[in-house]
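# Structural description and commentary
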Amino acid sequence: MRFRGKSIRRKIVTLLLVPLVSLTGLWAFATVITGNEAVQLMEAADVMRTVGYPAGDMVRTLQKERRQTLVHLADPRRADVRGELRAEQRATDKAVAAFRAGIHGDVREDMSPTAARRFRILEKTLDGLPGVRRKVEDDTLTRYAAFQAYNDIVEPYYDFLGSLAALQDAETDRQSRAMVGLGRAREAVAREDALLAAALAAGSMSRQDLRAFSDHIAERRTLYNTHLAVLPVAEQKTYEDYWRGTNAEALRAAEDTVVLAGSARAPHAIDARRWQTTVTPVLDDLGRMSIEAIDRFSDRVRPVALGVIAKAVVAGVLGLIALVCSVVISFRVGRGLVKDLHRLRKEAHEASGVRLPGVMRRLAAGERVDVEAEVPRPAHGPDELGQVGQALDTLQRAAVEAAVKQADLRRGVSDVFVNLARRSQVLLHRQLTLLDAMERRTEDTDHLADLFRLDHLTTRMRRHAEGLVILSGAAPSRQWRKPVPLMDVVRAAVGEVEAYERIEVRRLPRLALDGPAVADLTHLLAELLENATAFSPPHTTVHVLGERVPNGFALEIHDRGLGMGSDALLEANLRLADPVEFELSDTDRLGLFVVGRLARRQGVRVSLQPSPYGGTTAVVLIPSALLTEIARSGGRADREDTGGRPPVRPPARRAAFPDEETHQQAADGPHDERTPTGGLPRRVRQASLAPQLREPAPAPAARTRPGPEPDRDAEEVRARMAALQRGWQRAREDNEMTTSTTAPGTTTEGDGR
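The text that follows walks through the structure, step by step, so that each part is easy to find. Each chain carries its own residue numbering, running from 1 in the written order of its sequence. The predicted origin of the model limits local features to residues at a pLDDT of at least 70 and limits the giving and counting of side-chain atom pairs to 80 or more, whereas totals for whole chains, interfaces and linings rest on all residues. Hydrogens and waters are ignored; side-chain quantities use all the structure's heavy atoms.

## Focus: the environment of Val32
Operational definition: Only DSSP runs of H or I reaching four residues or more are called helices, and only runs of E reaching two or more are called strands; each is numbered from the N terminus. Remark: exposure states derive from per-residue accessible area (1.4 Å probe, protein chains only) relative to the maximum for the residue type, with buried under 20%, exposed over 50%, and partly exposed in between.
Topologically, Val32 is positioned in helix 2 (residues 20–74). For Val32, a relative accessible area of 44% gives the class partly exposed. In this structure, the C-alpha to C-alpha distance between Val32 and Gly316, residues 284 residues apart in sequence, is 9.0 Å.

Listed below in structure tokens is the structure:
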């Protein structure tokens, strides 16, 4: 029977003709069912032999200790009773130790889940025995409470035996449960003995004790009547003959005497010696009869177990033979199919796990990929597997071609972004130069204010052009060689925001940022500030503050907007922590993408979190490697200057806020210029001059309560604006001297093509 070279359809049909799966399932089902029954019988017998018999001895000693404890609590002054209690406790401890010694890992594994759970309960109740004894010793436990405590210790033993008796055979299972019921009947007699012995020792019997005594009599009779009917006729006759005997009659007579006498006269209706001579033989006989009944039950179960084992062996052997035949046939049929599938799988794995990822990595790195070289056309067989292999090759080729086209498209879009951005930067630089000349020439205050607003709009346009460069994967052209004060970087970022007058910058430490990181960090902060002002009400203020932290410097931007939902906040933080490749369809998160890319480039960590003002707080952690200390020499290095174009805004009238944070960090003199709420720091006169060129400052006048500010005429405003223009001109000239060496293709303003 050779099927090599046949079609896959014929091979599948041949495999379907061999009922391998069905036969295996039937064989496994029959084997498991019969095997489990046999294993359960053997395991139950082992557990009963190793755990059940020692547990039975332990329960009988517990019954004796319970009786002696109640007698001791009834008359604690008798020294002989205390000695007998000690002896019973030692016997119980010895039986418990023997019971625990027979427990090991194999026995626990042989138990069913229900039996194992009930066995753990039995062990836990035994752990509480010392506590009951201490309460009895301290005389803090009543007689009936001690009786219930010992009952709670004994009861889990019978529950455990009931779980061991669960068998598959219905008749055998009923008889095994009947054996447990007979054991419970003997426990009822032992409880009668404990209650009445304590009452006789105390000389009185409460109604509660009498009611419990009567209940246990009824319980014993019910258990015998219920469970004897399940046992074989011989077992029934054995127990019926005994209960018609002398000892049983004497026990029933004593019980009737106590019940009929009532709680008040019961201790006088029968004495302790008569009760003990009556009940002790009955307990011993019932214990002996229970052990003999269990032995006879084991003899009856043994043939059943052997039959179950025989059925399991026959079913297993026949099923195994059928299974072996099916396996041989299926192997010969499917051997050729497996080889073909293995070869096809190897090719598919190589294509999906090696070739395609390698092509994707090379395309992401910007390399050129030859589709013909990367996806050859191997020869395949004419059968269905060959057709599947050919289809996989076609699919792989289509995927590579699509990836190459997508990479070309991305490369083209990036080139377009860079080209447009460079052109815009050239035009913006020319526009800024033209605006500078116009600002220097004009003396009309209204025209000058309009030029300032136009200058500010141009600065924002330059930031958006840099955003296009960053989206394309290139670096912005503005560069600084020397460190720039951190306060100047923050001010430069504020100057690139539309609603700059709503931003309040608190005092920052005297730190400087490394020159290569100035442009990126300025753009990053500008994007965050733009979002803070755009997504908060126009009448609110955006606060910028910062402080040193162990890993660098933390800059916080607080707004008072509506905030972000938890899901949106988590998504934004994930984008900032690990920015993915820019997608053209993701146009509503351009600023977030730019911030994430700039942060990763400079090693800055940016995170968003709920603001205490009800909006959103952006935390920018600048690493220590990008920061340097500003020397306190009183010279030019001690003054704050942005190193580039300062933030420009139309002149605004100053409001007096004596309690606000200062925004100017001049190194000389005690002059502190405060920033009005929502505005940028006001320029300090002569702050940009060298110390030798400054005019002496007038002596500070005594502070008086400010009155209403008088109206200024046009000449005064013109003079102030002209002075401000001259200060900017000097700052630009100093900046051109500082940044005279620029990168190829860039201007002195930092803009490039």
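## Examining helix 6 (residues 129–137)
The condition that has to hold: For this quantity, the arc is that covered by the directions from the helix axis to the C-beta atoms.
Considered for burial, the residues of helix 6 that qualify are Leu129, Val132, Arg133 and Val136. For helix 6, the angular spread of the buried residues around the axis is 100°, confining them to a single face. One or two residues past the end of helix 6 sits Asp139, with phi positive at roughly 60°.

## Overview of the pairing of strand 4 (residues 542–549)
Which entries qualify depends on this criterion: Here the rule is simple: two strands pair whenever DSSP picks up at least two bridges between them.
Bridge count for strand 2 (residues 503–505) against strand 4 is 3 bridges, and the pairing is parallel. Bridge pairing in strand 4 places Glu504 opposite His543. With 7 bridges joining them, strand 4 and strand 5 (residues 552–558) adopt antiparallel strand pairing. Along strand 5, the bridge assignment pairs Arg548 with Phe553.

## Topic: a nonpolar patch on the surface
The test is simple: Here a patch means residues that are over 30% exposed by relative accessible area and free of salt bridges, tied together within 9 Å if like-charged and within 5 Å if nonpolar (Val, Leu, Ile, Met, Phe, Trp, Tyr). Accessibility throughout is a Shrake-Rupley quantity obtained with a 1.4 Å probe, and a residue counts as covered only by protein chains that appear here. By definition, a salt bridge exists where a carboxyl oxygen of Asp or Glu is found within 4 Å of a side-chain nitrogen of Lys or Arg.
Where nonpolar side chains cluster on the molecular surface, the patch consists of Val313, Val314, Val317, Leu318 and Ile321 and spans about 450 Å² of accessible area. The residue Val317 is located in helix 12 (residues 272–364) in this model. Judged by its relative accessible area of 44%, Val317 is partly exposed.

## Brief notes about the sheet that holds strand 6 (residues 605–610)
This is how it is decided: The axes are straight lines fitted to the C-alpha atoms, using for helices just the contacting stretch, and the angles between their N-to-C directions are given from 0 to 180°. Contacts: residue pairs with any heavy atoms within 4.5 Å of one another.
The mixed open sheet is built from 5 strands, whose spatial order is 2-4-5-7-6. Edge positions in the sheet fall to strand 2 and strand 6, since each of these pairs with one other strand and no more. Averaged over neighbouring strand pairs, the angle between their axes works out to 20° when direction is ignored. As paired strands, strand 6 and strand 7 (residues 616–623) are joined by 6 bridges and run antiparallel to one another. Bridge pairing in strand 7 places Ser607 opposite Val619. Strands in contact with helix 17 (residues 518–534) are strand 2, strand 4, strand 5, strand 6 and strand 7; relative to strand 7, the strand with the most contacts, it is inclined by about 170°.

## Quick notes on the sheet that holds strand 3 (residues 511–513)
Across the sheet, 3 strands lie side by side as 1-3-8; this open sheet has antiparallel pairing. Either end of the sheet is taken by a strand with one partner, and the two such strands are strand 1 (484–485) and strand 8 (627–629). Pairing of strand 1 with strand 3 involves 2 bridges; the strand directions are antiparallel. Note that in strand 3 the partner of Pro485 across the bridge is Ala512.

## So, the packing of aromatic side chains
Formally: Side-chain rings of Phe, Tyr and Trp (the six-membered ring for Trp) are treated as a pair once their centres are within 6.5 Å; stacked means planes under 30 degrees apart, edge-to-face means over 60, and tilted covers the remaining angles.
As enumerated under the stated definition, the model contains 8 aromatic pairs in all. With a centroid separation of 5.9 Å and an interplanar angle of 40°, the aromatic rings of Tyr144 and Phe147 are classed as tilted. Here the residue Tyr144 and the residue Phe147 both occupy positions in helix 7 (residues 143–164), the gap between them amounting to 3 residues, near one helical turn. With relative accessibility at 23%, the residue Tyr144 sits in the partly exposed group. With a centroid separation of 5.2 Å and an interplanar angle of 65°, the aromatic rings of Tyr224 and Trp243 are classed as edge-to-face. Here the residue Tyr224 occupies a position in helix 9 (residues 207–228), and Trp243 occupies one in helix 10 (residues 233–243), the gap between them amounting to 19 residues. Grouped by ring-pair contacts, the aromatic residues Tyr224, Tyr239, Tyr242 and Trp243 constitute a single cluster.

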